[in-house]
Amino acid sequence: LATDQEGAGIRFPEGFVWGAATASFQIEGATTADGRGPSIWDTFCATPGKVNNGDTGDPACDHYNRFREDVALVRDLGLGAYRFSIGWPRIQPDGKGQILQAGLDFYDKLVDALLEAGIEPWPTLYHWDLPQALEDDGGWTNRDTSYRFAEYAGVMHKLLGDRVTNWSTLNEPWCSSFLGYASGVHAPGRREPASALAAVHHLLLGHGLAAATIREQAVGSARKPLVGIVHNQTTIRPNTESEADLDAARRMDALRNRIFTEPLLNGTYPEDLRADVAEISDFGFVQEGDLEIISAPLDMMGVNFYNPTWVAGSTDGLDPADFDVEGEYSPSVGSEHVITVRRGLPVTAMGWEIDSTGLYDTLARLATDYPGLSLYITENGAAFDDQVTGDAVHDENRRAYLESHLRAAHAAIEAGVPLKGYFAWSLLDNFEWALGYDKRFGIVHVDYETQRRTVKDSGRWYGRVVQEGGIGGAP
Ligand code: PNW
C-alpha cells in the first residue's frame with residue numbers, strides 16, 4: 001500500500017520536525033535597502049519578457065520589514081521549525097570582500113526572534129539569489145564561485161553558529177544549473193548546455209567546500225552543526241514499458257536525480273550520464289580531489305517534492321494534447337528528445353499533476369539507495385486559485401494536497417524510511433520566480449496591496465495536524 005488510506009487516523013513519531021519554508025528573494029522585498037547588492041534575479045526581473053507581468057522582487061511580502069509579524073505567524077501556527085534562506089547579496093553585495101553589517105543584523109535578529117518564539121531556525125545558504133557581480137565573472141560556470149560561496153558560508157556560520165544547528169547549503173541545484181544555464185527560464189537566463197553541466201559541478205563543489213568550512217569552524221564549539229543539501233529528487237516514471245520510454249526514464253533520472261545524488265553520496269558522476277552528454281562535455285571541470293570534497297558524509301538530505309514525472313522517448317502514438325514539446329531550449333541536456341507526458345490526473349494551478357504516490361516512491365528509493373541517510377521533506381505544497389472571502393481564505397484543494405502527501409510521508413515512515421521532518425511550502429504566498437506573484441503557494445494569504453496576512457483554511461488545518469502530531473482520530 002503506497003499511501004495510507006483516506007480517513008484512517010495516523011500519528012507521526014515523537015520528535016518529528018514540523019515546519020514551513022520560504023526563500024529570501026521570494027519574500028523579503030526591500031531589494032535595495034541598506035546596501036544590498038543586485039542578485040541575478042534582480043537582473044532577470046529587469047529583463048523584459050523574463051518574468052510574468054514584469055513582476056520583480058519588490059514588494060514581495062516586505063518580510064525584511066515585517067519579519068517579526070511573520071515569526072509570530074509561525075508561532076501561532078504552532079510550528080517547531082522555520083526554513084528560510086539567507087540572501088547572499090544582503091551579506092556581500094559583490095559576493096566577495098565587503099560584508100554589510102545591516103545584512104548580518106537582519107539575519108541575526110530573525111534567528112533571535114525565532115528562538116525567542118520557540119522555533120528552530122533552519123537556514124539555507126543559497127536559494128538562487130547569486131550576487132550579480134559573481135555572475136558577471138561567469139557565475140556558477142566559474143570555479144571561483146564555489147570558493148566564494150564557501151567563504152560566505154563561513155561568514156554566516158561565524159555569525160549564527162552559536163544558535164543554529166541545521167544548515168542547508170544549496171536549494172535545488174537542478175534549477176540553478178539546468179533552468180538557469182540551459183533552458184534559461186530562470187536567472188541568469190543563459191542557454192548554454194555545456195555551461196549547465198559546469199554549473200552542476202561548481203554548485204556541488206561549493207556545497208562541499210561550504211560544508212567543510214562550517215564543520216571546521218565548529219570544531220571545539222558547543223554546538224555541532226548538522227549540514228545537508230536540499231535536492232529536488234523526483235520520481236521519474238516511463239510512460240510505457242517500451243524500450244524508448246524506459247531509456248527516456250533512465251536518462252531523466254540521471255539528469256534530475258543521479259547527477260546530484262551519486263557525486264554527493266558515492267563520490268562519482270554516473271557513467272551512463274557521462275555517455276549521454278559526451279558530445280557536449282567531457283567533464284573537464286572536475287579536478288582531482290573535488291569528488292572527495294563533494295562526497296563528505298551528509299548529516300541530512302532535504303527533499304523538495306511537488307509531483308512525479310512521466311516521460312516518453314518519442315511522441316509516437318501519443319495524443320498531442322498529452323504532452324508539450326520542449327521549445328528550442330531544453331533543460332534536458334543531451335536528452336533533448338525526451339518528452340514529459342501528462343497522464344490526465346488533476347493538476348494544481350502550475351499545471352503540475354497531483355499524485356502523492358510519487359512522494360512515497362521518492363522517499364522509499366532514497367532510503368533504499370542510501371541507507372541510513374536522514375531525510376527531511378524541506379518543501380511540499382501546491383499553488384491554487386484561492387477563494388478569498390472577507391476575513392477567510394478557502395483552499396480545500398490545497399488542504400487535500402497536503403493531507404494526501406502527509407499520508408504518503410507517514411506510509412514511508414511506517415515502511416522504515418528515516419524521514420525526520422516536514423516543511424510546508426510555503427509559509428506565505430510569494431514571488432514564484434518566472435511566474436511572478438500570480439501563483440500562490442502560501443498556507444497564509446498575502447494581500448500585496450496592504451501586506452495583510454490571512455491564515456488560509458489549509459494553514460489552520462496544518463496547525464491542528466502539528467498540534468496533534470497526526471491526522472484524524474488516534475489510530
Ligand atoms: C521550487 N520546475 O522551485 C523552489 O525551491 C521554490 O522556491 C519554489 O517556489 C517552489 O519549488 C514551487 O515552484 C521549483 O520547473 C521551480 O520543475 C521550478 C521547478 C521545480 C521547482
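Quantities reported herein were computed from a predicted structural model and do not represent experimental measurements.

Caption draft 1: Summary view of the site of the ligand. Contacts to the ligand come from 16 residues, most closely from Gln 26, His 127, Glu 379, Glu 432 and Trp 433. Residue Tyr 306 places a side-chain N or O atom 3.3 Å away from an oxygen atom belonging to the ligand. Contact distances for the ligand include 2.8 Å between an oxygen atom and a side-chain N or O atom of Trp 433. If the ligand stood free it would expose 460 Å²; the protein chains cover 87% of that surface. At three residues, helix H8 (residues 173-181) tops the list of elements feeding residues into the shell around the ligand.

Caption draft 2: Focus on the sheet that holds strand S11 (residues 339-341). Taken in spatial order, the four strands of this open sheet run S7-S9-S11-S10, and their pairing is mixed. Strand pairing shows two members of the sheet lacking a second neighbour, strand S7 (236-238) and strand S10 (323-324), which therefore form its edges. Relative to S11, S10 runs antiparallel, the two sharing two bridges. Among the inter-strand pairings, Asp 324 is bridged to a residue of S11, identified as Thr 340. Lying on the sheet, helix H10 (residues 243-266) is in contact with S7 and strand S9 (309-312); it crosses S7 at an angle near 170°.

Caption draft 3: Spotlight on the UniProt feature "binding site: substrate" (unreviewed entry) in the protein chain. The UniProt entry lists Gln 26, His 127, Asn 171, Tyr 306, Trp 425, Glu 432 and Trp 433 under the feature "binding site: substrate" (unreviewed entry), expressed in the numbering used here. In this structure, Asn 171 sits in strand S5 (residues 166-171). For Asn 171, a relative accessible area of 1% translates into the label buried. Ignoring any residue separated from it by four or fewer positions in sequence, one finds Asn 171 in contact with Arg 83, Thr 124, Tyr 126, His 127, Trp 128, Ser 176, Val 230, Asn 304 and Glu 379. Within the structure, Asn 171 has its side chain in polar contact with the side chain of Arg 83 (distance 2.7 Å). Examined against the element boundaries, Glu 432 turns out to sit in the loop between strand S15 (419-425) and strand S16 (444-446). Each residue touching Glu 432, except ones within four places of it in the same chain, is listed here: Gln 26, Met 350, Trp 425, Lys 439 and Phe 441.

Caption draft 4: Main features of the UniProt feature "active site" (unreviewed entry) in the protein chain. The UniProt record annotates "active site" (unreviewed entry) at Glu 172 and Glu 379. A compact arrangement is adopted by the annotated residues: their sequence extent is 208 residues, whereas the largest C-alpha distance between any two is 10.4 Å. Tracing the sequence through the fold places Glu 172 in the loop between S5 and H8. Of the residues examined, Glu 172 reaches a relative accessible area of 6% and is grouped as buried. What Glu 172 contacts, discounting residues up to four positions off in sequence, is Trp 128, Val 230, Asn 232, Asn 304, Tyr 306 and Glu 379. In this structure, Glu 379 sits in strand S12 (residues 375-379). In this structure Glu 379 touches Arg 83, His 127, Asn 171, Glu 172, Val 303, Asn 304, Phe 305, Tyr 306, Phe 423 and Trp 425, once residues within four positions along its chain are discounted.

Criteria and cut-off values
- Residues numbered from 1 in each chain as written.
- Predicted model: local features only at pLDDT ≥ 70, side-chain atom pairs only at ≥ 80, totals over all residues.
- Heavy atoms only, no water.
- Near = heavy atom within 4 Å.
- Polar contact = N/O pair within 3.5 Å; in protein donor to acceptor, adjacent residues only side chain to side chain.
- Areas by Shrake-Rupley, 256 points an atom, 1.4 Å probe, with all protein chains shown as cover.
- Helix = DSSP H or I, 4+ residues; strand = E, 2+ residues; numbered from the N terminus.
- Pairing = 2+ DSSP bridges.
- Contact = heavy atoms within 4.5 Å.
- Axes fitted to C-alpha atoms, helices over the stretch in contact; angles between N-to-C directions.
- UniProt positions renumbered as here; feature names shortened; annotations may be inferred.
- Buried < 20%, exposed > 50% of the residue type's maximum accessible area, 1.4 Å probe, protein only.

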